[in-house]
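# Commentary on secondary and tertiary structure
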Amino acid sequence: MITLKEALKLPAEEVTALRDDLKKRVEQKSELNAYISLDEAGEGVPLLIKDNIQVKGWPVTAASNILQGYVAPYNATVIEKIEAAGLSPFGRANMDEFAMGSSTETSFYGKTLNPHDPSRVPGGSSGGSAAAVGAGIAIAALGSDTGGSIRQPAAFCGIVGMKPTYGRVSRWGLGAYSSSLDQIGPMTQNVEDAAILYDIISGHDRRDSTSADVGYTPVAPNLDPDRKLTIAVIDNYVKDASAEVQSAHETAVKALEDAGHTIVHKEMMGAKYDIAAYYIIATAEASANLSRYDGIRYGNRAENTDNLKELYLKTRSEGFGEEVKRRILLGSFVLSSGYYDAYYLKAQRVRHLIKDEFEALFKEADLILSPVAPTPAFKFGEMADPLQMYLSDAYTIGINLAGLPAISVPIEKSSEGLPVGLQLIGKHFDEQMVFDGALSLEKAVAYEK
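Residues numbered from 1 in each chain as written. Predicted model: local features only at pLDDT ≥ 70, side-chain atom pairs only at ≥ 80, totals over all residues. Heavy atoms only, no water.

### Some remarks on the overall build of the protein
Note the cut-off: Runs of H or I in DSSP of at least four residues are treated as helices and runs of E of at least two as strands, each being numbered from the N terminus. Atoms counted for the radius of gyration: C-alpha only. Globule rule: 2.2 Å times residue count to the power 0.38. When a residue's accessible area, from a 1.4 Å probe over protein chains only, is under 20% of the maximum for its type it is buried; when over 50% it is exposed; and in between it is partly exposed. The criterion used for residue contact is that any of the two residues' heavy atoms lie within 4.5 Å. Charge counting treats Lys and Arg as positive and Asp and Glu as negative, with His and both chain ends excluded. Where a charge lies is defined by one atom per residue type, namely NZ (Lys), CZ (Arg), CG (Asp) and CD (Glu).
Across its full length, the protein carries 15 helices and eleven strands. Relative to its length of 449 residues, the protein is compact, with a C-alpha radius of gyration of 21 Å against a globular reference of 22 Å. By principal-axis analysis of the C-alpha atoms, the protein measures approximately 70 × 60 × 45 Å. When the 449 residues of the protein are sorted by exposure, 61% land in the buried category. By sequence separation, contacts in the protein at least 24 residues apart represent 74% of the contacts at least 6 residues apart. Taking the average place of the 44 positive charges on the side chains of the protein and the average place of its 59 negative ones, the gap between the two points comes to 3 Å.

Okay, structure coming up:
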């Protein structure tokens, strides 16, 4: 598949031919179920869009039954930015319902398959975006990352996925799961493409109250893979990962050392604290954000109801899937009278400790190298227990709690041919260093697709 960098240099007639060819590719691999639909807007270089990002005139449903029939009345800020740069929305990517999941199994449209092994998940919640890029049926894609939802599917599908610093990319027009954690980011074939797309979508947006009004210098023109960095590895995280992930970690560390980087060994608090804080904060915010879906203002409405209370109850019971209901219930519980102080406020204090721990590490290191997931892509049905699924996010959610930038880079394949990715984590608003380190790692490991 042509890279994003190459596609942006094509004349108009060749872009048209590229779009036609891409449609054929998508149809040929329709069994992956990576695309919900092939909606189009504009005639620029085609970019796949996750189904929770508003594109004017498109059905945008966050892969949920409750939003069937909703048509976006406006463009998200990131859509305005990509169109101004010569890109066009091309297709809606499948995802976990309301971005709640780690496998794209909770989608109203059915599961997406991993392009490397159809018996395995592509990861989630941006599984459709990752599978499409990994299968060569998308040049690049936009995803959203609340607790690893870009990086984990990128690692499972053998592509690059980048989560920017919280506030760097506008969230205006993104269907909110957890407002203090969500970030839109690029999912691409390589690090340079990710930097190009990141530059396009970044910047302050006055319409987004969470957008950071800080100085910005483009990353892609200043990429420097030869920059020598101090990179911390988290020993207690690595020892808990599978043999395949440990092998990829050893490969990456050796490659980075050979490239002239300095490796320092550190330890962090157990990931159990990250998981506990994350699922309290994220579900609390989700329960508040999803309260707007009531059958009155938009989306599906239950029929044959006798009063308003019954309309709300039936609409939400029929419209939301089981995982979304589970998280709404948990979030409502931790915000309820008598439990708010015991759970929600305590989780926020733990969040502050996590942020402080990262800041202390960055006094001694430029970047942190960490696993993305404990294992390569798991099989469908292998994590039927929701708690077991939540634990699979152990290595990614702390980054969202701290609001840091991170990028997943494919390192090697397991003995079963499954991609294994690792992530580099950087300081707030220092995406240049994150991309420089990632490009150096990509060149050093020379991952074969």
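On we go from here.
### Some words on the pairing of strand β2 (residues 45–50)
Note the cut-off: Convention used here: a crossover is right-handed provided that the path from the first strand, over the helix, to the second strand proceeds clockwise when the strands point away from the viewer.
Within β2, six of the six residues are buried, which leaves the element mostly enclosed by the surrounding structure. Along β2, one buried face is formed by V45, L47 and I49 and the opposite face, lined by P46, L48 and K50, is buried too. The β-α-β motif built from β2, the intervening helix α3 (residues 77–84) and the parallel element strand β3 (residues 87–93) has right-handed crossover chirality.

### Observations regarding the pattern of salt bridges
Formally: Note on definitions: salt bridges are taken to be side-chain nitrogens of Lys or Arg within 4 Å of carboxyl oxygens of Asp or Glu.
Within this structure, the stated rule accounts for 21 salt bridges. The salt bridge partner of D258 is K254, with a shortest N-O separation of 2.9 Å. With D258 and K254 both in helix α8 (residues 243–258), this residue pair falls four residues apart, about one helical turn. Each member of the pair, D258 as well as K254, is classed as exposed. Salt bridges sharing common partners tie together R19, K23 and E40.

### Quick notes on the environment of R92
Rules: Pairing of N or O atoms within 3.5 Å defines a polar contact, subject to two protein rules: one partner must be a possible hydrogen donor and the other a possible acceptor, and residues neighboring in sequence count only if both atoms are side-chain atoms.
Within the fold, R92 resides in strand β3. A relative accessible area of 6% places R92 in the buried class. Sequence spacing of R92 and S64 is 28 residues, and the spatial spacing of their C-alpha atoms is 13 Å. In contact with R92, not counting residues within four places along its chain, are A34, Y35, I36, S37, D39, L48, I49, D51, W58, P59, T61 and Y109. Here D51 takes part through its side chain, which lies 3.0 Å from a polar atom of the side chain of R92. At 2.9 Å, the side chain of R92 forms a polar contact with the backbone oxygen of P59.

### Side note on unusual backbone geometry
A cis amide bond, omega 5°, links G124 with the succeeding residue S125. By secondary structure assignment, the location of S125 is in the loop between β3 and α4 (127–134). At T104, a position not held by glycine, the phi torsion is positive, near 60°. The phi torsion at A446 lies on the positive side, around 50°, for a residue other than glycine.

### Quick notes on the pairing of strand β11 (residues 419–425)
What counts here: Any two strands with at least two DSSP bridges between them are considered paired.
Burial runs high along β11: seven of the seven residues are buried. Burial of β11 is two-sided: the residues P419, G421, Q423 and I425 facing one way and the residues V420, L422 and L424 facing the other way are all buried. Across four bridges, the pairing between strand β9 (residues 367–371) and β11 is antiparallel. Residue S370 lies in a different strand from β11, and its bridge partner there is Q423. Relative to β11, strand β10 (residues 406–413) runs antiparallel, the two sharing seven bridges. Each residue of the ladder has a partner; that of A406, found in β11, is I425. In this antiparallel pair of consecutive strands, β10 and β11, the connection spans five residues, and G417 shows a positive phi of 80°.

### A short note on the packing of aromatic side chains
For the record, the criterion: Pairing of aromatic rings covers Phe, Tyr and the six-membered ring of Trp, with a centre-to-centre limit of 6.5 Å; geometry is then stacked below 30 degrees between planes, edge-to-face above 60, and tilted otherwise.
Going through the model one piece at a time under the given rule, you end up with 16 aromatic pairs. Measuring from centroid to centroid gives 5.1 Å for F98 and Y293, while their planes differ by 45°, and the two rings are tilted. With F98 in the loop between β3 and α4 and Y293 in the loop between α9 (271–289) and α10 (308–319), the pair connects residues that are 195 residues apart, well separated along the chain. Judged by relative accessible area, which is 10%, Y293 ranks as buried.

### Some words on helix α15 (residues 431–445)
Let me state the cut-off plainly: In this scheme, a helix's expected span is set at 1.5 Å multiplied by one less than its residue total.
Between the first and last C-alpha of α15 there are 21 Å, a value that for 15 residues agrees with the 21 Å anticipated at 1.5 Å per step. With twelve of 15 residues buried, α15 lies mostly within the body of the structure. Three or more residues of α15 are buried, namely E431, Q432, M433, V434, F435, D436, G437, A438, L439, S440, L441 and V445. Where the residues of α15 are buried, they touch β5 (160–163), α6 (191–201), α8, β9, β10 and β11. Remark: A446 follows α15 within two positions and exhibits a positive phi of approximately 50°.

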